[in-house]
Amino acid sequence: MNFGSINIDYVYSVEHFVRPGETLKSDNYTIFSGGKGANQSIALARAKAEVIHAGKIGNDGAWLKEKLQKSGVNTSLIKTIDTPTGHAVIQVNKDGENAIIIHGGANQTFTDAEIEEVLDSCEAGDFLLLQNEINAVGKILQKSQNRDLTVIFNPAPITDAIQNYPLEFVDIFIINEVEGETLTKQKSPDAILNTMQKLYPKSKTVLTLGKAGVIYTHNEQRIKTAALKVKAVDTTGAGDTFIGYFLAELSRGSKIEKCLEMGTRASAICVTRKGAADSIPKLEEII
Ligand code: RIB
């Protein structure tokens, strides 16, 4: 069960990210489907995992639901409401890096009753995947307890409010360096992982490091996988692609090394293409 955001991405190619007070020309503008939640669901489905996406869109978002469905995601828990779909304004510079503004829209309207409905749709043994682009994530974490779920949290985008969530209920954190630094107040990957272990001794942490690869930690165990060398065109959605492929492999009971390798390969392909959901490769390509 992936309980997460669905966004329309407005993507602008720029020479450099816009500076304060600057008006900047963009030579290329495209509308893509996105949202960290939806991207991760599509990655899971393309990796051939069974995934239900629970989310909300406005009347302008029917095409996003269709895209999820066509990618193999179960969309029975996506509601259409009278609030505009969430959206993102994304600048992509000539090195393929991005700068993103998000507006929550329908992603920010979940009620207590809807949270219960989603959690009641989970079965014992299921994975529950969360990002930080919908409202009430703290409440969802709280309510996820005693249901025999494996709770995976990707705290993106990171906010100060996250520190007040009951993070001790998270089984697996999937974080990047920025998120790791906010959660632990540490800078180096080793220090981030050591502190995560101290703060959340029962949890596992996967720390993604972009070009420098990824490290998995549980107790004393540390497993590192290098990134593949590719020419990046657009890094949007690379983290989401990694998460979908890593978790799909984990749900099949594969060894961590294999899960990391599949995630790494998938995200390497993703960055060579434009867009978020559209750049997520299929399992056949990874193999
Ligand atoms: O992780 C990439 C995503 O972040 C984009 O698709 C955008 O919608 C934002 O949510």
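Numbers given for residues are sequential positions, taken from 1 along each chain in its written order. Totals for whole chains, interfaces and linings use all residues, but because this is a predicted model, local features are given only for residues with pLDDT of at least 70 and pairs of side-chain atoms are given and counted only at 80 or more. Water and hydrogen atoms were dropped before computing side-chain values, which therefore reflect all heavy atoms in the structure.

A word on the site of the ligand
Part 1 of the reasoning: Proximity criterion: a residue is near a molecule or strand once any of its heavy atoms comes within 4 Å of it. Close contacts around the ligand come from 14 residues, with D9, G35, K36, E133 and D240 the closest.
Part 2 of the reasoning: One nitrogen or oxygen atom from the side chain of E133 is found 2.6 Å from an oxygen atom belonging to the ligand.
Part 3 of the reasoning: Residue burial considers only the protein chains on display, and all accessible areas are found by Shrake-Rupley using a 1.4 Å probe. Protein contacts shield 96% of the accessible area of the ligand, which totals 280 Å² for the unbound molecule.
Part 4 of the reasoning: Secondary structure elements follow DSSP: runs of H or I of four or more residues count as helices, runs of E of two or more count as strands, with numbering from the N terminus. Of all the elements in the fold, those that place two or more residues in the shell around the ligand are β2 (7–13), α1 (36–46) and β7 (98–103).
Part 5 of the reasoning: For this scheme, ten residues count as nonpolar: Ala, Val, Leu, Ile, Met, Phe, Trp, Tyr, Cys and Pro. Four count as charged, namely Asp, Glu, Lys and Arg, and the remainder, Gly too, count as polar. Within the shell around the ligand, the residues separate by chemical class into 4 nonpolar, 6 polar and 4 charged. Pairs of N or O atoms are called polar contacts if they sit within 3.5 Å, as long as, within protein, a hydrogen donor faces a hydrogen acceptor (for residues adjacent in sequence, only side-chain-to-side-chain pairs).

Notes on the packing of aromatic side chains
Part 1 of the reasoning: Pairing of aromatic rings covers Phe, Tyr and the six-membered ring of Trp, with a centre-to-centre limit of 6.5 Å; geometry is then stacked below 30 degrees between planes, edge-to-face above 60, and tilted otherwise. A full pass over the atoms with the stated rule returns 5 aromatic pairs.
Part 2 of the reasoning: Judged by centre distance (5.0 Å) and plane angle (90°), the ring pair of F3 and F110 falls under edge-to-face. Placement of the pair is F3 in strand β1 (residues 2–3) and F110 in the loop between β7 and α3 (112–120), with a sequence separation of 107 residues.
Part 3 of the reasoning: Between buried and exposed lies partly exposed: a residue is buried under 20% and exposed over 50% of the maximum accessible area for its type, with that area taken using a 1.4 Å probe on protein chains only. Taking the relative accessible area as the measure of exposure, F3 reaches 0% and is therefore buried.
Part 4 of the reasoning: Plain terms: the ring middles of F153 and Y165 are 6.4 Å apart, the flat faces sit at 50° to each other, and that makes the pair tilted.

Overview of the pattern of salt bridges
Part 1 of the reasoning: Salt bridge, as used here: a side-chain nitrogen of Lys or Arg that lies within 4 Å of a carboxyl oxygen of Asp or Glu. In this structure the tally under the stated criterion is 17 salt bridges.
Part 2 of the reasoning: Residues E66 and K70 are paired through a salt bridge, measuring 3.5 Å at the closest nitrogen-oxygen approach. Note that E66 and K70 are positioned in helix α2 (residues 62–70) at a spacing of 4 residues, about one turn of the helix.
Part 3 of the reasoning: Residue K79 pairs with E117 through a salt bridge whose shortest N-O separation is 2.7 Å. Taken as a pair, K79 in strand β5 (residues 74–80) and E117 in helix α3 lie far apart in primary sequence, 38 residues in all.
Part 4 of the reasoning: Take E117: its relative accessible area is 37%, and that puts it in the partly exposed class.
Part 5 of the reasoning: Counted as one network, the salt bridges with shared partners bring together E116, D120, K143 and R147.

A short note on unusual backbone geometry
Part 1 of the reasoning: Cis geometry marks the peptide bond from A156 to P157, where omega comes out at -5°.
Part 2 of the reasoning: You will see that K185, though not glycine, has its phi angle at about 65°, which is positive.
Part 3 of the reasoning: For K185, the position within the fold is in the loop between α5 (177–184) and α6 (189–199).

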